[in-house]
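# Per-entry structural report
One-letter residues, chain by chain:
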Amino acid sequence: MSLKRLLIIYILGLLVYGLPAQVTDANNEKILSLEDAVANSNHDTAKVKSMCLLGWEYRTTNSQKAIKIAKEAIELGTRSKYDRGVAGAYYILGGIYYVLGDFKQSIQNYLLALRIYETKGMIEGAGRTYNSLGLIYGMQMNFEKAIINYEKALQLKQKLNNKRDIASTLNNLGVIYFKTKDLVKAREMFNASLKLEIEIGNALGIAQSYQSIAGVIGHEKNHTMAIKYYQRALVLFDSIGDM
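To keep things clear, this report deals only with the structure shown in the data block. Residue positions within a chain follow its written sequence, with the count starting from 1. Only residues with pLDDT of at least 70 are given local features in this predicted model, and only at 80 or more are side-chain atom pairs given and counted; all residues enter the totals for whole chains, interfaces and linings. As a convention, hydrogens and water are excluded, and side-chain values are obtained from all of the structure's heavy atoms.

Before going further, it helps to spend a moment on the overall build of the protein chain. Each helix and strand in the protein chain was counted, giving 12 helices and 0 strands. In sequence order, the secondary structure elements of the protein chain are arranged as α-α-α-α-α-α-α-α-α-α-α-α. Residue exposure (1.4 Å probe, protein chains only): buried if accessible area is under 20% of the type maximum, exposed if over 50%, otherwise partly exposed. Counting over 243 residues, the protein chain shows a buried share of 46%. The long-range fraction of contacts in the protein chain, counting pairs at least 24 apart against all pairs at least 6 apart in sequence, stands at 53%. Here the protein chain has roughly 13,200 Å² of accessible surface; of this, 52% comes from carbon and sulfur atoms. Elements are defined by DSSP. Helices are runs of H or I of four residues or more, strands are runs of E of two residues or more, and each kind is numbered from the N terminus. Contact definition: two residues touch when any of their heavy atoms are within 4.5 Å. Values of accessible area rely on a 1.4 Å probe in the Shrake-Rupley scheme; residue burial ignores everything except the protein chains shown.

A word on helix α12 (residues 223–239). In a helix, the anticipated span is given by 1.5 Å times the number of residues less one. Over its 17 residues, α12 runs 24 Å from end to end, which matches the ideal 24 Å to within 8%, given 1.5 Å per residue. What α12 keeps buried is the set Ala-226, Ile-227, Tyr-229, Tyr-230, Ala-233, Leu-234 and Phe-237. Looking straight down α12, one finds that the buried residues subtend no more than 160 degrees of arc, so they occupy a single side. For α12, the exposed residues set more than 90 degrees away from the buried face come down to Thr-224 and Ser-239. A positive phi of about 70 degrees marks Gly-241, the residue just after α12. Regarding the arc, it is the one traced by the directions from the helix axis to the C-beta atoms.

In plain words, nonpolar cores are sets of buried Ala, Val, Leu, Ile, Met, Phe, Trp, Tyr and Cys residues tied together by side-chain atoms within 4.5 Å. By size, the foremost hydrophobic cluster in this structure holds 71 residues, and its most contacted members are Leu-54, Tyr-117 and Leu-173. Broken down by element, this core gets its largest block of residues, 9 residues, from helix α5 (residues 83–100). Residues contacting Tyr-117, with those up to four places away along its chain left out, are Ala-87, Gly-88, Tyr-91, Met-122, Gly-125, Ala-126, Arg-128 and Thr-129.

With that settled, consider the pattern of salt bridges. Pairing between side chains becomes possible if they bear opposite charge and their charged atoms approach one another. The term salt bridge refers to a side-chain nitrogen of Lys or Arg lying within 4 Å of a carboxyl oxygen of Asp or Glu. Tallied over the full model, the rule gives 7 salt bridges. The partner of Glu-72 in a salt bridge is Lys-68, with the nearest N and O atoms 2.6 Å apart. Linking Glu-72 with Lys-68, this pair stays in helix α4 (residues 63–79), spanning 4 residues, or about one helical turn. When its relative accessible area of 31% is taken as the criterion, Glu-72 is described as partly exposed.

Moving on to the packing of helix α3 (residues 44–57) against α5. The contact between α3 and α5 brings their axes to 10 Å, and the two run at 5 degrees. As the angle between them shows, α3 and α5 are arranged roughly parallel. Contact residues: Val-48, Cys-52, Gly-55 and Trp-56 in α3; Gly-85, Gly-88, Ala-89, Ile-92, Gly-95 and Ile-96 in α5. Just so you know the grouping, Ala, Val, Leu, Ile, Met, Phe, Trp, Tyr, Cys and Pro go in nonpolar, Asp, Glu, Lys and Arg go in charged, and all remaining residues, Gly too, go in polar. Residue composition of the contact of α3 with α5, grouped by class: 6 nonpolar, 4 polar and no charged. Axis definition: a line fitted to C-alpha atoms, limited for helices to the stretch in contact. Angles are taken between N-to-C directions and run from 0 to 180 degrees. Between 65 and 115 degrees an angle is taken as roughly perpendicular, under 35 as roughly parallel, over 145 as roughly antiparallel, and anywhere else as oblique.

Positive phi outside glycine occurs at Lys-81, with the angle close to 55 degrees. Look at Lys-81 and you get exposed, because its relative accessible area is 71%. A positive phi is found at Met-141, a non-glycine position, where the angle reads about 65 degrees. One can find Met-141 in the loop between α7 (123–139) and α8 (143–160).

So, on to helix α2 (residues 28–40). The α-helix winds at 3.6 residues per turn, so residues separated by three or four positions along the chain end up facing the same way. Taking 1.5 Å of rise per residue, the 13 residues of α2 would be expected to cover 18 Å, and the 18 Å separating its terminal C-alpha atoms lies within 8% of that figure. Residues Ile-31, Leu-34 and Val-38 constitute the buried set of α2. For α2, the angular spread of the buried residues around the axis is 70 degrees, confining them to a single face. More than 90 degrees from the buried face of α2, the exposed residues found are Glu-29, Leu-32, Ala-39 and Asn-40. On its buried face, α2 is in contact with α3.

Another aspect to go through is the side chain of Ser-193. If you trace the backbone, Ser-193 turns up in helix α10 (residues 183–200). Residue Ser-193 is classed as buried on the basis of its relative accessible area, which comes to 1%. Identification of polar contacts relies on pairs of N or O atoms within 3.5 Å, with a donor-acceptor requirement for protein atoms, meaning one able to donate a hydrogen and the other able to accept it, and with residues adjacent in sequence counted only if both atoms are side-chain atoms. Engagement of the side chain of Ser-193 in a polar contact is seen with the backbone oxygen of Ala-167, the distance being 2.8 Å. Ser-193 has contacts with Ala-167, Leu-170, Asn-171 and Ser-209, leaving out every residue within four places of it along the chain.

What follows is the structure in C-alpha cells.
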C-alpha cells in the first residue's frame, strides 16, 4: 500500500467528508414481480405491502408513477384499516419526495407516517422515521432539529437493542456534530458507533467508523494519527471490495 495512495485518501477525507452516497437502479425483474403481486393479490394487506415496494422501485425511473402508486397504497390501506401499511406508504412517499429533492413534501409525509407509528406504538417504524427526518434537517443545515430527531431515533432503537441500527444513528449524530465543529461530541459518537460495529462484526461499518474518526482527528491537526485511521479503513474497504 503506497504512501501516495494513503495521502490521496487522507486529503479527500478532509475535503469531502460525509456519508457515502448510495444509488440503487430499478430492477426490472423485481418491478415485474411486484406488479404481478399487486395485480393478483387477494388480500388488501398484501396488496398494500406490494404497492409500497413497487412505488419505491419506481422512485428513480418514474417518480410520478411512484407517487401515484404510494398514494393509492395509502387510500387502500385507509379503507382496509391497515394502519401499518398506511404508515409505511406515507414513509415511502416521503422517501420518494426526498429523492426528488422536495424536502417540504418529504417532511410532511414522514410526519404523517410518524403520527401513526407513535399512536400505534410501532417503535421500529417511528425510529426509522425520526432517523430520516434527521437526515433531511441535516441536509437543510438545520442542525438543531437534526440532532433532536436523531436522538429520538437513537432512544427508540436502543429500546429494540438493534445494534446495527444504533450504530448507524450514532454515526449520523457524529456527522452532525462534525458539521457544527463540535469535534469532541463527534468523536464520542463515532467511537460509540465503532464499538458496536466491532461487536456485531460489520466490516463495512467498522471501515466507515475508522474513516469518520480519521476526519475528526485530521481537523484536530493530528495528521499522522489521521492517516493511520484512514489506513485501517482502507484495508477493510479493500478486503470487502468496497473500493
